[in-house]
Each structure stands twice: as C-alpha cells, then as structure tokens.
Amino acid sequence: MIVGIDLGTTNSLIAYYSEEGPKIIPNRLGKNLTPSVVSVDEEGNVYVGETARERMSLYPDSVAQTFKRSMGTERDYILSGKHFKPEELSSLVLRALKEDAEAFLGEEVTEAVISVPAYFDDKRRKATKRAGELAGLKVERMISEPTAAAVAYGLYDKTQDTRFLVFDLGGGTFDVSILELYHNILEVRAVAGDNYLGGEDFTEVMAKLFLQKQKIQLQSLSEKEQVRLYRQAEKAKREISDKAQVTMSFLQGEEQIEAQITYKEYEEACEELLQKIREPVKKSLADAGLKLNDIDEVLLIGGATRLSLVRDFLIRLFRKFPDTKMNPDETVALGAAVQAAMKERREEVKEVILTDVCSFTLGTEVSVEYEEGLFETGRFCPIIERNTVIPASHTERLYTAHDNQKKVRVRVLQGESRFARNNLYLGELEIDVPKGPKGQESVDVTYTYDINSLLEVEVTVVSTGLKQKMIIKGEENQMTDEEIKKRMEELAYLKIQPRDYEENRLVLTRAERLYEEALGDRRKKLDHYITAFETALKKGDHNEIADARKALNEVLEEDEDW
Ligand code: AMP
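J.: Break down the site of the ligand for me, citing the residues and quoting the values.
T.: In the neighbourhood of the ligand, 14 residues make up the surrounding shell, with Gly-171, Glu-234, Lys-237, Gly-303 and Ala-304 lying closest. For the ligand, an oxygen atom lies 3.1 Å from a polar atom in the side chain of Glu-200. Within the contact set of the ligand, an oxygen atom lies 2.6 Å away from a side-chain nitrogen or oxygen of Lys-237. For the ligand, the accessible surface in isolation is 500 Å², of which the surrounding protein chains cover 88%. Sorting elements by how many residues they give to the shell around the ligand places helix H6 (residues 223-240) first, with three residues. Counted by class, the shell around the ligand contains two nonpolar, seven polar and five charged residues.

J.: Residues and numbers for the sheet that holds strand S27 (residues 455-461), please.
T.: What links the strands of a sheet is backbone hydrogen bonding, and the strands pair in either a parallel or an antiparallel sense. Across the sheet, four strands lie side by side as S23-S26-S27-S28; this open sheet has antiparallel pairing. At either margin of the open sheet sits one strand with a lone partner, and together these are strand S23 (392-399) and strand S28 (467-472). Geometrically, the sheet is characterised by an average inter-axis angle of 15 degrees between neighbouring strands, direction not taken into account.

J.: I'd love a proper account of helix H1 (residues 50-58), names of residues and values included.
T.: Note on helix geometry: an α-helix contains 3.6 residues per turn, so any two residues three or four positions apart are oriented the same way. Burial of H1 is extensive: eight of the nine residues sit out of reach of the surface. Buried within H1 we find Glu-50, Thr-51, Ala-52, Glu-54, Arg-55, Met-56, Ser-57 and Leu-58. At its buried positions, H1 is contacted by strand S4 (34-35), strand S5 (37-40), strand S6 (45-48), strand S7 (63-65), H6 and helix H12 (502-517).

J.: Please set out the packing of aromatic side chains residue by residue, giving values where relevant.
T.: One pass over the full model with this rule turns up five aromatic pairs. Residues Tyr-16 and Phe-104 carry aromatic rings whose centres are separated by 5.9 Å and whose planes lie at 65 degrees to one another, so their mutual orientation is edge-to-face. Of this pair, Tyr-16 sits in strand S2 (residues 11-18) while Phe-104 sits in helix H2 (residues 86-105); the two residues are 88 residues apart in sequence, bridging distant segments of the chain. Judged by relative accessible area, Tyr-16 falls into the buried class, the value being 14%. Judged by centre distance (6.1 Å) and plane angle (80 degrees), the rings of Phe-360 and Tyr-449 are edge-to-face. Remark: Tyr-449 occurs in strand S26 (residues 442-449) and Phe-360 occurs in the loop between strand S19 (356-357) and strand S20 (362-371); sequence separation between them is 89 residues. Comparing Phe-360 with Tyr-449, the two get one shared label, buried. Of note, Arg-55 hangs over the ring of Tyr-47, and the distance from its end group to the ring centre comes to 4.3 Å.

J.: Provide a residue-level description of the packing of H2 against helix H3 (residues 122-134), including the pertinent values.
T.: Between H2 and H3, the least distance of the axes is 8 Å, while the angle of their chain directions is 50 degrees. When the axis of H2 is compared with that of H3, the two are oblique. Crossing hand, H2 versus H3: right-handed. For the pair formed by H2 and H3, the contact residues are Glu-87, Glu-88, Ser-90, Ser-91 and Leu-94 on the first element and Ala-127, Arg-130, Ala-131, Gly-132 and Leu-134 on the second. Considering only residue class, the contact of H2 with H3 consists of four nonpolar, three polar and three charged.

J.: Explain H6 to me, and be specific about the residues and the numbers.
T.: With 18 residues, H6 extends 26 Å between its outermost C-alpha atoms, agreeing within 8% with the 26 Å of an ideal straight helix rising 1.5 Å per residue. Every buried residue of H6 is listed here: Glu-225, Val-227, Arg-228, Leu-229, Arg-231, Ala-233, Glu-234, Lys-235, Ala-236, Lys-237 and Ile-240.

J.: Can you break down the environment of Ala-546 residue by residue, with the values?
T.: Position of Ala-546 among the secondary structure elements: in helix H14 (residues 542-557). For the pair Ala-546 and Ala-536, spaced ten residues apart in the sequence, the C-alpha separation amounts to 8.8 Å.

J.: How would you explain the pairing of strand S12 (residues 162-169) if you had to name every residue and give the values?
T.: The element S12 is largely enclosed, with a buried count of seven among its eight residues. Where S12 lies against strand S13 (residues 174-182), eight bridges are found, and the strand directions are antiparallel. Pairing of Phe-164 across the sheet is with Leu-179, part of S13. In this structure, the hairpin formed by S12 and S13 is closed by a connection of four residues. The pairing of S12 with strand S17 (residues 297-301) spans five bridges and is classified as parallel.

J.: Before we move on, can you summarise the pattern of salt bridges with the specific residues and values?
T.: Tallied over the full model, the rule gives 43 salt bridges. One salt bridge in this structure joins Arg-189 and Glu-180, with 2.4 Å as the shortest N-O distance. The exposure class of Glu-180 is buried, given its relative accessible area of 16%. A salt bridge links Lys-467 to Glu-458, with the shortest nitrogen-to-oxygen separation between them at 3.9 Å.

J.: Account for the nonpolar core, naming residues and giving values.
T.: Counting residues in hydrophobic clusters, the biggest one holds 48 residues, and the most contacted among them are Phe-167, Phe-202, Met-206, Phe-210, Ile-261, Tyr-266 and Ile-277. By residue number, the principal contributor to this core is helix H5 (residues 199-214), which donates seven residues. In contact with Ile-261, other than residues within four places in its own chain, are Met-206, Leu-209, Phe-210, Lys-213, Ile-240, Ala-244, Gln-245, Val-246, Met-248 and Tyr-266. Val-46, Phe-67, Val-139 and Ile-496 belong to the second largest nonpolar core, which has 38 residues in total.

Rules used throughout
Residues numbered from 1 in each chain as written. Predicted model: local features only at pLDDT ≥ 70, side-chain atom pairs only at ≥ 80, totals over all residues. Heavy atoms only, no water. Near = heavy atom within 4 Å. Polar contact = N/O pair within 3.5 Å; in protein donor to acceptor, adjacent residues only side chain to side chain. Areas by Shrake-Rupley, 256 points an atom, 1.4 Å probe, with all protein chains shown as cover. Helix = DSSP H or I, 4+ residues; strand = E, 2+ residues; numbered from the N terminus. Nonpolar A, V, L, I, M, F, W, Y, C, P; charged D, E, K, R; others polar. Pairing = 2+ DSSP bridges. Axes fitted to C-alpha atoms, helices over the stretch in contact; angles between N-to-C directions. Buried < 20%, exposed > 50% of the residue type's maximum accessible area, 1.4 Å probe, protein only. Contact = heavy atoms within 4.5 Å. Phe/Tyr/Trp six-rings, centres within 6.5 Å; stacked < 30°, edge-to-face > 60°. Lys NZ or Arg CZ within 6 Å of the ring centre and 35° of its normal. Parallel < 35°, antiparallel > 145°, perpendicular 65-115°, else oblique. Left-handed = near helix turned anticlockwise from the far one by under 90°. Expected span 1.5 Å × (residues − 1). Salt bridge = Lys/Arg side-chain N within 4 Å of Asp/Glu carboxyl O. Core = buried A, V, L, I, M, F, W, Y, C linked by side-chain atoms within 4.5 Å.

Structural data, given as structure tokens:
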C-alpha cells in the first residue's frame, strides 16, 4: 500500500486510501496530528510528537521543532550533544508515522507520496525525499500541498471548468496557488509564497503584545519562561477568533501575570503580517494573468486559516466566502492519499491528470555582448521560466564568446536574479567545440524538468552533433545510496521509544512540566498523583497503571484545557 504523508512544519499526518475513500491514520496516542517535534535524550532515546513537545520546556537543549523551515540547508541541530540535519530530524518524524501506519494497517509500509510546499525549491524537495529514504520509505512521488488540497476537495470532479485559489497558511510556511480545472485536467497555473510566514508569526505577535502591555523585555525571561509564554500566547491566539477579548496569563518566576487583549488590538498588531499575505496573492495572480474576480473559489488549508482575522481579511480581499468544508489540517494528507491511490491505479479513484508548475526559474550563466567586443560575464539566461507547467522541455542556443574557444561550460542555475552569482548553483557540464572565430560555434542547451523535480540537462554541439547529458538530482549535499545506508545505520543507534508506552511517557512528561509550573498546594497535589502513577508503573499491574494514569490525567486537565 502506498500511503500519503503531509510532513508539516507544525504537525504531520499520514493517510491511506480505504474502501470509503481517503482516511487519516491515527497515531499511537489515537490522534490524527503528530506534532513535528523531535527530542533526543542523553541516552539516545528518541521522542517524537506530543511527548517531544512536552519536553520543550523541561529540556530545551534536547528538542527541535519547525525544522521544515530549514529543509535543504546545512543547518546543524544539536540535541543532547548529538548532531542532526533538518532532513534527519524529519526522517525521525517519518519513522514514527510509518510505524503508526504499520500498526494500524497490519502491513509493512515502504512507499509513500509526500507533500511539499509548492514553493519549495529543488534543494528542499530533494532533502524531503532523502528524509523519506532515511526513514526507510521509497518516495513514490512528491505532490505540492495545494494540488493535494484541491484533489482532497474533489475539485477535479467538477463538471465545469473552474479556477481556484488555494490559500495555505500553515505553522511556518505560506503558499498561494492558482489552479485551473480544464477538461479533466487539473493544472497548477501559478504558485507564490513565503517560506517564512505562518501561524507561528501570529503567535509571536500575541506574545509581544502581552510583553508590551506588561512592560516586560523578552530578553529578561529565562528560556523556560519564554517557552511558557509562547505556549500561553498560542492558547490566546486560538481563543481570540470567537471572542472580543481574551485574558492571557503567564507565570514569571513565582508571579502569575495577567493581561487582557482585545480582538481589535490583536488585529491591529497583526496588520503587518496581513499585508505580507497580500504580496504572494498578487504575485500568483499576475503570473497567471488573472484578476481577483477571475477566481471562482478560494480554498483554505493550513491550521492558521482558522484565525478569524485571516478569514475576515480574505473575505474583504476576494469579496467572497472561502470554502472551508474540510478540516484544514487534514486536507493535504488526504489529497496525498488520493494521489497514492491514483499511483496504484485503484479503480475507485477517477483518473485525473495533475500537472504542476516549476516554482522557480532554471537557467544558465552566459556572457552578454553589450557593445561590439565588450562582454559582461556572469549574467543569468533563463531556460525554463518560473510557473511553467511541468513536465517541460525548453532549448536555448548559445554561441561561443571568444575566438578559438575550445570548450563551452554550462553552469546550471536556479533563481530569479539577473546575475548568475545570486542564483543557486545546481551543477555544470562541459563540452568540446571546434575552434573558430567567436560566435561561429553554438550549442543547444535543453533543460527537461519532470514531475518529480528531476532536471535533465542536455548539451549538443550544433556543428558536430556531440552530446553531453546529466541529470541533476541535487547538489553538494546529495547523498549516494551507500551514504544514505551508512547514515541510516548511524541513526539506528537512536532508540525510538516503543509505541506501547507512549501514553505513559506523555502523561509523565506533561506532569513533570506542570509540576515545574505549579506552586504550593497544586504542586503537592501533583506530586502525590505522580508518585502514585510511578509506583503503579514499577509494580507493572496493567489495571492499576490504567487507573493511576486516569487519576493523574484528571488532575493535569484541571489547568490544561487544550
Ligand atoms: P499546520 O502547519 O497547517 O499544522 O498549521 C499549524 C498552525 O495553525 C499553527 O501555527 C497553529 O497555531 C495554527 N492553528 C491551529 N489551530 C488554530 C486555531 N484554532 N486558531 C488559530 N490558529 C490555529
């Protein structure tokens, strides 16, 4: 079975295609969302999801989150002294999801369709694929998140040709995509986005507003206090959507501090973020050659679209109500599962042709002759332009720039700058050309970009027919199969905690955190119930453990309502 995975910045989900359609697979705690948080302790034990998130305020040096934002970079995360790259942390999340799916489905899961933001460049996509491989998953296909959403909404089933805008505001990334359904073909017309904008920024605004009201400097708070502050800000942010005002409280040292924040104040403080949202919307419309009122439907996905101030903003912008019939957290994973079923050629799923666009320009470096004999080197020559529908193949003819030039070097670059040096280097090819006066010899450079984001570059010397070809799968951090195997073995020393005891671990970690946050009698009460639970665990009697856990949970819930 091929599963569909939404590897999100904040939460990840895994889904499969059941007899009744796509379904989310619950994790070991019975929940659909697994926080994309990883913690590794001194002994090399790995915690993923909620338990890892609970460890954040207790052991901040052992936890990593929002690493999706750094996918494809060399950023080094150090957890309890051990080093990890973003894709390795993601692979630990994927490993947990894979185990949960296997336990649920009762069969081994080795293949997956994984979603990526449409705006992810080549490097980030490759890193995502490697994360899958490190987790022992063959990544059958990557699907862009908005396409997955459109598929989950069943948009491809519409009878009339329609234009949709998918508005995806997740925890840390923002994507806008314009899709068009035309004769059974669902085509992504344009994508735009911002890899550094998401729900977390709205949480930060809430936290800052609170500090500003209380005249507290963020720097004066300890790391643990900052984690607690953000937790409270997140809670307030979720509450404010259906209230005129919320009370946010927070424990600083021994003192409980409270402030009232009104919807209006919060909306004003978020004004800058709302303006930032406008830009990619404008850009995607411009790239697709459309106007706001050409859009027939607006779909909302990503957890942060639950914020009513975001919804209000969109209603004002589009003068129509967005379609919200699906759970914005689950749409992408469900779409990925439908795509997986299409890959398996399942009969129940209507075949639909999904196309995608290349979200960045691919080109090469050239010298430009701006006056007779005067060249400017280092210029960028686009070959496949941003938002071209893929698969795509384009050819550009380039001429020799010097007399008696012996070779032509094609540097493969990705980006939007006019200058080669500002764009991302992906690789290069060299080919021999017959000597002659400048401009006499030429090469045809063909770029072919496929649906799985593999770029094939072919260079042909026009006069001799000599050819050189290369497939770009990544660049300096590209790993060979052996390297992946070696790193998998290295990561295998990490002991993923057995699934069975996850609930106990989570309750204990949460209790430990709340104990640290509590004072006086509350502390004593917690201590009493924690000790009772620990005693039951030591004795190993199942019923007793379940009872003690239930009792402890009830006490924990007294001050935690989410
Ligand atoms: P995602 O990456 O799509 O899982 O989105 C996660 C983001 O959605 C986080 O920043 C959450 O704070 C935000 N979010 C989830 N539920 C709500 C809610 N009810 N109101 C406001 N924001 C929410």
